[in-house]
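Notes for the structure review
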Amino acid sequence: MDNKKNIKLCVSTTTSGSISSFILPMVPKLKELGFDITFVTSCSPGFVEQCPDYVTVFDYPVKRGFDFRGTIRSAIKFKRLCKQQQFDMVIYSTINASLYCAYGAKHAHVPVRVKNQWGMRYVGFEGWRRTLVRRLEKYTCTCATDIRNVSEKNKALSVADGLYQPEKCKVVGKGGTIGIDLSLYDLKNKERYRKNIREQYGIPDDAIVYCFVGRVRTDKGVGELLTAFERINAKNSHTWLMIVGHNEADGVLSELIDNAQLNKQIVFCGLVPKEKVAEHISASDVLVHPTYREGFGMVLQEAAAMELPTITTDIPGASEAIENGVTGLLAKKQDVDTLVDCMEKMLDEPLRKEFGKAGRKRIETDFERNMMIDRLCEDWLAMYNNRIEQNNKNK
C-alpha cells in the first residue's frame, strides 16, 4: 500500500479568469502527480462550477488594479488560511494576489512559495508609480523561495532591475503560460470561419485584413496601430483593420478611436466570446500586436496556430513569442514608422503564407498544450521535491 502523502498545493490569482485560462487545464495532471489542489481567488459567477469536485475554492474578493485596503485584509486572512490548511506549496500570480500570498505564505512558514511571473506590471508605468510597483514586485519575489518566469528576456530584465538573482528563477521550456489547445484551432475550419466573419462585418473576400485582438488601451499600442493603418490604407485601398476586444481607451486614444470610426474599413468588433477568437483571427491576414509590455503573448500563439503571420514589438515576452523574419516581424515599441514598414511588408501574399506555415509548425513543436501541461506540472513537482530536500539538508 502506498502511504505517500499528497502535496497540499494552493494556487492564487487576483481574479478567477486567470485560473480559468492558465491553471484549470493543468488540474487533472496535477492530481495525477499527487497534488491536492486549492484555489484562492476572487470568483466570477460560474467559476466554482467549472472546477472539478476534488478542487477546493476560497473566494477572496480583491479588485483588479490597486486595492491596497483589500489586499491588506486578504494578507492577514490568507496567513490564517495557510496555517489552517497547512499548505505545502503556494503558487501566486498577478499583483494583488501576489502581495497577499507573499506576506501570508511567508509568515505562515509555507515551505515552498512560488512567484509565477506572467508579466511585470511596473514596466507599463513611469515616475513614482513605476518605482512603487517595482518595489511591490520585488517584495513578492523576495518572499518567494522559487520563481518561474514565462520569458527569458523578462527574466533578464527582472535580474537587471534587482528583483532577484538569476539562480532563483527558471523559464520552463521555450517559455509561455499554458500553450495552445490545437483542437480549438483546427485549420480545417479556417476557410469557413473566414467566410462567415467577413460576411458578418461586410469585409470583401479580396481585402487584406490586419487584426488586433486584446484590450483596447494605450499600452497595447492601439494608438500606433490606428495611425499606422491610416497611412497604409491611404496607399492601399483594399486593406481593412479589425479591432477585437473590450474598449478601455481614454484621453488621446479615445479621440483616435472616434476618428477611426469614420473609416468604414476599420471594424470595431468589441469583446467577443473566447471561442470566437479563432474565427476572427481566421478572417484576417495578419495579426498586429504593437504592445508596450507583455508577459509572453497568448494571442500571438493563437494567431500562429491558425497560420496567421504576426507583427509585434521588440520587447521582452512578445518578441520571444514569434521568430523575427521566420513567423513574423518586429517593430520598435511606440514607433509608427517601423510599424508601417512591417505592415507594408505583409502586403506580400507569399511572405504571409511562408510566415503563417512556419508559425503553425512552431506551435506544434514548442507550444502544444498537452506538451506544455506535462512540462509545467512535472516542473512544479520537481521544484517542490528539490526545495523540500534542500530545506531538510539545512535543518
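The structure reproduced in this document is the subject of the present report.

Cut-off values and rules
- Residues numbered from 1 in each chain as written.
- Predicted model: local features only at pLDDT ≥ 70, side-chain atom pairs only at ≥ 80, totals over all residues.
- Heavy atoms only, no water.
- Helix = DSSP H or I, 4+ residues; strand = E, 2+ residues; numbered from the N terminus.
- Rg over C-alpha atoms; globule rule 2.2 N^0.38 Å.
- Contact = heavy atoms within 4.5 Å.
- Areas by Shrake-Rupley, 256 points an atom, 1.4 Å probe, with all protein chains shown as cover.
- Lys, Arg positive; Asp, Glu negative; His and termini not counted.
- Charge placed at Lys NZ, Arg CZ, Asp CG, Glu CD.
- 1 Å grid on protein atoms, 1.4 Å probe; cavity = no way out; pocket = protein on both sides within 12 Å on 5 of 7 lines; lining within 4 Å.
- Points joined across faces, edges and corners; volume = space filled by probe spheres on them.
- Nonpolar A, V, L, I, M, F, W, Y, C, P; charged D, E, K, R; others polar.
- Buried < 20%, exposed > 50% of the residue type's maximum accessible area, 1.4 Å probe, protein only.
- Salt bridge = Lys/Arg side-chain N within 4 Å of Asp/Glu carboxyl O.
- Phe/Tyr/Trp six-rings, centres within 6.5 Å; stacked < 30°, edge-to-face > 60°.
- Lys NZ or Arg CZ within 6 Å of the ring centre and 35° of its normal.

1. Some details on the overall build of the protein chain
Helix and strand counts for the protein chain stand at 16 helices and 13 strands. Expected size for 395 residues packed as a compact globule is a radius of gyration near 21 Å; at 22 Å, the protein chain falls within 12% of this value. Dimensions along the principal axes, computed over C-alpha positions, put the protein chain at roughly 70 × 50 × 40 Å. Sequence-distant contacts in the protein chain: of pairs separated by 6 or more residues, those separated by 24 or more amount to 71%. For the protein chain, the accessible area works out to roughly 18,100 Å², and carbon and sulfur atoms hold 49% of it. Looking at charge distribution, the protein chain has the averaged site of its 57 positive side-chain charges lying 7 Å from that of its 50 negative ones.

2. Some details on empty space enclosed by the protein
Tallied over the full model, the rule gives two cavities of 30 Å³ or more. In this model, the largest cavity occupies a volume close to 180 Å³. The wall of the largest cavity is formed by 21 residues, among which Asn116, Val150, Gly176, Thr177 and Leu376 lie closest to the centre. Ranked by the residues each element gives to the lining of the largest cavity, the list is headed by helix 16 (residues 369-394), at five residues. Taken together, the residues of the lining of the largest cavity break down into 11 nonpolar, six polar and four charged. What lines the second largest cavity is simply Glu224, Pro290, Thr313, Ala331, Lys332, Gln334, Asp335 and Leu339.

3. Some details on unusual backbone geometry
The phi torsion at Gln86 lies on the positive side, around 55°, for a residue other than glycine. With respect to the element layout, Gln86 can be found in the loop between helix 4 (68-85) and strand 4 (89-92). By relative accessible area, which is 59% here, Gln86 ends up exposed. Despite not being glycine, Glu307 has its phi angle at roughly 60°, a positive value. With relative accessibility at 24%, the residue Glu307 sits in the partly exposed group.

4. Let's talk about the pattern of salt bridges
Two side chains bearing opposite charge may form a pair once their charged atoms approach each other closely. Scanning the model with the defined rule gives 25 salt bridges in all. The salt bridge involving Arg148 is made with Asp379; its shortest N-O contact spans 2.7 Å. Residue Arg148 is found in strand 6 (residues 146-149), and its partner Asp379 is found in helix 16; the two are separated by 231 residues along the sequence. This pair shows no difference in class: Arg148 is buried, exactly as Asp379 is. Taking the shortest distance from any N to any O, the salt bridge between Arg360 and Glu364 comes out at 2.9 Å. Residue Arg360 and its partner Glu364 are both found in helix 15 (residues 349-366); the two are separated by four residues, about one turn of the helix.

5. A few points about the packing of aromatic side chains
Each aromatic ring pair is described using two quantities: the centre-to-centre distance and the angle formed by the ring planes. Throughout the structure, instances matching the rule amount to seven aromatic pairs. Taking the centre distance of 5.6 Å and the plane angle of 35° together, the rings of Tyr60 and Tyr100 count as tilted. Of the two residues, Tyr60 is situated in the loop between strand 3 (56-59) and helix 4 and Tyr100 in helix 5 (residues 95-107); the sequence distance between them amounts to 40 residues. With a relative accessible area of 0%, Tyr100 lands in the buried category. Through successive ring pairs, a cluster of aromatic residues spans Tyr60, Phe78 and Tyr100. The residue whose ring lies beneath Lys31 is Tyr54, and the NZ or CZ to ring-centre distance is 5.0 Å. The ring of Tyr60 carries the charged tip of Lys77 above its face, separated from the ring centre by 4.3 Å.

6. Considering the environment of Gly221
Looking at where Gly221 falls in the secondary structure, it is placed in the loop between strand 8 (208-213) and helix 9 (222-235). On a C-alpha basis, the gap between Gly221 and Lys333 in space is 8.1 Å, while along the polypeptide they are 112 residues apart. Residue contacts for Gly221: discarding those within four places in its chain leaves Pro290, Thr291 and Tyr292.

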